[in-house]
Structures are given as structure tokens and as C-alpha cells.
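Coordinates in review
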Amino acid sequence: MTLRLVYDEIRLGVKQVCHVLGYPEIEFDVSEASRPEFGDVSCNIGFLLAKTLKKKPLDVSQSIAEEYKKNLGEYVSEVSAHASGYLNFVANYSLLVPQVIYSSLQANYGSIDLGKNSKMTIEHTSVNPNKALHVGHVRNIIIGDTVARILHKASYDVSVLNYVDDSGLQVADIIVGFKYGGYSDTPPDDQKFDHYCGDIVYVKITERYETDKALTELRSHVLQELEEGTSDLAKFGDEITRRVLEEQLKTCWRLGATYDCLNFESQIVRSKLWQVAFEKMKSMGITELEQEGKNAGCWVIKAESEEDKVLVRSNGTATYIAKDIPYAAWKLGILEDPFYYKHYAVQKTGRVLWQTTLDSKETAMHFTGDRVITVIDSRQSRLQNIITKIMSDFKSKPDSYIHLGYESVTLSPDTAKTLDLDTGGKSVQMSGRKGIYVSADYVLDVLSEQTFDEAKKRNPELDEMSLVKISEQVAIGALRYAMIRQDLDKIITFDLTESLSLEGDTGPYIQYAHARAMRILEKYGKSPNFGASLDAVNTVYEKDMVKIIGKFDLQVEDAAKNLSPKIIAKYCYHLAVSFNAFYEHVKVLTADSEDIMNARLCLVYSFKETLAKALQLLGIDAPERM
RNA sequence: GGGCCUGUAGCUCAGCUUGGAUAGAGUGCUGGACUUCUAAUCCAGUGGUCAAGGGAUCGAAGCCCUUCGGGCCCGCCA
């Protein structure tokens, strides 16, 4: 059981009491008490009934409390009316403690049946395959990966897609660089290919467009050939794209993200899905041929409060959005699937990664969803709103296509300075084109190096391999947590120095709590006896921890319903805080008696199991030592 | 000009969806706790006209309106 049962029981109990007292039936709130001295659970019904009953909130609550006391039920030990008007409850810990601890031992603890196994498709990452990932991309990946993990825990049948824009302008840029700009397609020394393409070729060729108009024209030709996909140049482009993609995926995997399918834009273009979608839009009256004005001769989408969006140019060619619409429709299973699926790789977790192909000899599969989430930063909101509107028309359901937007990651003035950029004290937007970014690999390497030294200092007896493993876990924990801990619509100002500080509200703080718990259990050397009495668990520190452990599924529900990964991040942090307070104030291995020690060991075990499960939702490893 | 987001402690942020108890964390600063289950920890102190004004309400950081500050987006580019 979890705290959910306590809330449910109280909700029902209050309702029954109101019925007995002849109070009107209304919606009221049962929630966690804001302070420990108020008890465990609070109810606001006193305020809500005060008006209709023409009584003071306190009087209402008192009358309810009196009646409630006649039958406290299983999970409540005390009920009282507070002077403020709140109705407060104290939980029955002699029941709560063992039940929460036993529940937390179950492998699926925290799972809820919100999705009822319905199909949910989530797309994230989708970085142009012409450069290495920077910290801005990392936010996208971590949000997408974390939300996918949470939805899976909430019983959705989740498919994860990574869209590969292999026929866009950015890829064309580096192809121009290789074919006409004189850049070798073999990177110098041991530089990763994605870094080479992004740091050197892409940035340099972009600079040269300024002065060399001929190069700009070549780019248009390259772009056209990439879309057609038949020429040698297109084949070369495909080869380059796949080499970059392979390197990008290494970084994604290092971050702990995994996918089900890679969707190649070039194949969407060649599959003629667009034509099907376009006809559908015409027949549904979603798009119309503009007769006059500046867009005369274009097929446009009329927007209510904004400018019309051109869909097909007056020369008959489709605009950028014409690639996104059929893809979105495909994701929702609205259009007939033109793709077959080919094995790409087996990922660390054993999950198979597939890729789209137009080759009919390959397998037919399904990665489409009843609902679709697309993780893209909120600068794309206008475009995504148009797509959302079209999809709701197509599907005739309003919220089947969800744009999960988030604010961008900018660089702090100090970090910008390390790139020789004086921003005058302001933070600056990252730009791959201008070479203004901090790469994900670099941040992870620096973090990993620092944590390696720290781990070595603390654990001098550990071998190199173990230390490397720990430092990598901690580095990724730090970065993932930093990307997820605040709200999606807050800008993250990335500061390299600050990102290396691993104290307080950080991933490593939480991981450290887990490592501490592990050491206690390890030193004890045996399994705690879960059959014995847990009555000895009775300090405030222990009760507080039990309460938080018992809230796990409620937090998963909240996070899944609101697509809010930060809820799980906060949960992990609070869990860790409660354990660290316990650790400082309550001794386990030197407890006064065997019984007390055993009870506390059970709690420590329950804690580390729950924390590990919660951290797993964040894609953060729970280290045994650090 | 239009659209979206945002403003809470020196700094970074919770809380706002669903109004209610003394507005919470981290960090910073000051001081304290390692012969003890790992100090990546803990404890105490410091620090807030919740951007401003108005409205509805018994009651507003939260709801409504106005104003101001900051960010992003608005191409027959992708």
C-alpha cells in the first residue's frame, strides 16, 4: 500500500461524516499537511462549507472531527480541527510503516495504471546530423527520455523515435564543404567525426557563404539532390549523415537515452506521404489556394490571429512544414505506413533500435501511437501549433498530438568568455552555425574527470575500472539532473564552472544518499529480517522517510499526467534529504538493540530500493559507492 | 504591430493548474559538527513591499484587468 490509501480512506470518511451530519455534498481537497506539527494529512472542507452553512470554518471542522473520531478507520490515529479552520489527520504509523516498507520491496513499486497499455509515441533528440550534440540538445534528449521513462512506468506502451533530418540545409552545408570547400572527410587525429563536421566544416563553410556566392548556389543543388536521393552525391550525403548519426548516438547512449526507431526525413520525402497528406488537407478544406495578395498562387493555411502560413509555393514546391505534417500524421497512424523497418543496433539495455527503410523486403512494424508527444524547444511553437491544429482535424480528437515545448539553454557570460565571446554581461543563445556552443561530450568529460579524482580520494582502495564507472555515473547524474530539475518553461543558463559544483540540490547529492545506504547494508552483511516487527521505526526522521517512500506512485501519477519530469526530480531530492537527516541523527549499526537495528535496516533497504527506482525514471544510476 | 513564455531572498529556483495555516529549498555569507554507518553530509544563523497598481473574495504569491521589465517567435529559408 501507499499513502494513496490513506488519502482515499480520509476522503471517503469525511464524505460519510458530512452525510451523517447532513452537510451538503461538495468537492474538497485532501492533501499532505504543509507542516509536520499539523499532522500528516489536511482537509480544507471547513472553509468550503463555512459559507453555505453560515458557520466559521473552525466550527465546521470541529463538528466533522467529533463525528470522525467515532470511527477512525484503519489508517488514521488522530483527527483534529485546527484554529485556522483546517481539519488535520495523523496517520496510524503502526500500520503505515510495515505496509509501506513491504510494498516498496515489490519490483513494480511506484507503477500505476494510468495509460492502460495504450500506445504513446514520443519523439525527441532529432538533431540535424551535421554536428556534435551541445548542451542545448542535451536538454531535449533528457526531457524526452525522462518523460518516456515516466510514461512507461505509468503503463503506457511507449515508442521512442529520433527524427533524422538527413535532407535539410544543414546537411547540405557540410556536403558542400566536403565536395566543394576542400575539407577532407577524414577528421584529423582522433577527433570524433560529429565534432569535426560541426566544429570545423559547418562553421567554416557558413562563414564562406558570406563572401562566396557560388558556394551558396551549389548548396541549392546539393539540397535538391539530397531530396531526390538517386545521384552519387546523394549517396555520399547519406554516407556522411550516417557517420555523424553514429557518433551522435554514442553521446545519446552515454547519456542513458535509448530509442526504438530512427526516422529518416529523406525517406518521408521519397515515400510521397506529403502528396497524400496534401490531398487530405485539400479535401478537408484545411488549406486553400490563395487568389490575391502577397501569397497569390500559394496554398496557404489560414491562421486565426496570426499571419497565414504558406504550404506550397506559387512555383508548386512545398515548404519546410510540408515535411513535418506528413510525419506528424504518420506518427499518429493517420496515413497508411509506407515504411518497412530494418535492424539498426542493439542498445546497452538490450532494446533493439530500428530504422525506417523503403525496401519492401524488410519487416513491417508499428511505432505509431494513439497519442504522440513531440519534444521540441518552444521557439518552434508557432509551427507546432499549426501542426497540432491540423492533427486534431485529421484525427478529430483535440489532444492526440502534443507539442512538449521547453525553453532553450543559453550560455552564461563567463562560459561565453571561454569561447572568446564578450557578451557584455548577458547570457547568449547557442548557435551551431556560429560555433557558439559547449558540446555535450566535453561537459561530460570534464565532469567525469573531476568526479574521478574525487572518487579516488574517497575510495583509494578501489581499482581504476570501478572508479571510472563511478565517475561516469556521477557525471551523467549531475548533467541529467541539472537538465530536469527546473520547469520546462524556464531558461537554463548553462555555466561550466557552476555545473561542476556537485553539492546541495544536485544529482550527485541524491546518488550519495544511495551510496551511503548501500554501505550500511553492505557492512551489516546479511539481509534484514522483514518478518520481524517494525514497531521500532518511530523517530520523526524515520516516519518522515516512510511517508516519502509511500508517496512514490502519487508522484509518478502527477509527473505522467502533467508530462513534468521535474516532479520526479524533486521527489528524488526530498527522498535523499530525508535519508541524510536520518543518517545523521539515527544510528543503524550501533542501535541499542537487535530489534531496533533490524527495523532500521529494513527501512534503509526500503529507502534504497525506492530511490533506485525513482532515479531510474530520471535515467540516473544509483551507485553502490562513490 | 501580433503571438508565446517569464518576473518570488545577493544568485539559481520550488510553490501558482485546484485561493486558506508562520511564503519554502539550494547556493552565497557567518558560526558549529568528522577517534562514530563515507563531511559529495548534517545543524544553526543571515536574507523576501512574491515586478507595480487596481478588481472580485471572509481570505491572494496564486484568480481577473492594466502597466512596466526580461526572453523567444512571426520568410514563397530549412
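Residues numbered from 1 in each chain as written. Chains lettered and ligands numbered in written order. Predicted model: local features only at pLDDT ≥ 70, side-chain atom pairs only at ≥ 80, totals over all residues. Heavy atoms only, no water.

1. What about the packing of aromatic side chains?
Across all of its chains, the model carries 19 aromatic pairs by this definition. Judged by centre distance (5.1 Å) and plane angle (70°), the rings of Y68 and F89 are edge-to-face. Here Y68 is found in helix α3 (residues 57-68), whereas its partner F89 is found in strand β4 (residues 87-91), with 21 residues between them in sequence. Overall, Y68 belongs to the buried group, its relative accessible area being 3%. Each residue in the set Y163, Y327, W330 and F339 is aromatic and connected to the rest through ring pairs, giving one cluster. Positioned over the ring face of Y583 is R516, at 3.8 Å from the centre of the ring. (Phe/Tyr/Trp six-rings, centres within 6.5 Å; stacked < 30°, edge-to-face > 60°. Helix = DSSP H or I, 4+ residues; strand = E, 2+ residues; numbered from the N terminus. Buried < 20%, exposed > 50% of the residue type's maximum accessible area, 1.4 Å probe, protein only. Lys NZ or Arg CZ within 6 Å of the ring centre and 35° of its normal.)

2. A word on the protein's contact with RNA strand B
Lining the immediate surroundings of RNA strand B are 62 residues, of which R35, R313, R458, Y512 and Y583 lie closest. A distance of 2.4 Å is found between a phosphate oxygen of RNA strand B and a side-chain nitrogen or oxygen belonging to R35. Within the side chain of Y509, one N or O atom sits 2.5 Å away from a phosphate oxygen of RNA strand B. Residue classes in the surface near RNA strand B are distributed as 22 nonpolar, 14 polar and 26 charged. (Near = heavy atom within 4 Å. Polar contact = N/O pair within 3.5 Å; in protein donor to acceptor, adjacent residues only side chain to side chain. Nonpolar A, V, L, I, M, F, W, Y, C, P; charged D, E, K, R; others polar.)

3. Points about unusual backbone geometry
Residues other than glycine seldom take positive phi values, yet K116 does so here, at roughly 50°. Secondary-structure assignment places K116 in the loop between α4 (93-104) and β5 (119-123). A relative accessible area of 60% means that K116 is categorised as exposed. One non-glycine residue, S126, lies in the positive phi region at around 40°. Mapped onto the elements of the fold, S126 is located in the loop between β5 and α5 (135-153). Note on S126: relative accessible area 26%, which makes it partly exposed.

4. Brief notes about the nonpolar core
Within the largest apolar cluster, 138 residues are counted, with the highest numbers of intra-cluster contacts made by V14, F89 and I373. Dropping the residues within four chain positions of it, I373 is found in contact with M120, T121, I122, E123, V147, L151, I402, L404 and L563. Ranked by size, the runner-up nonpolar core spans 34 residues in total, among them M281, W330, I387 and I390. (Core = buried A, V, L, I, M, F, W, Y, C linked by side-chain atoms within 4.5 Å. Contact = heavy atoms within 4.5 Å.)

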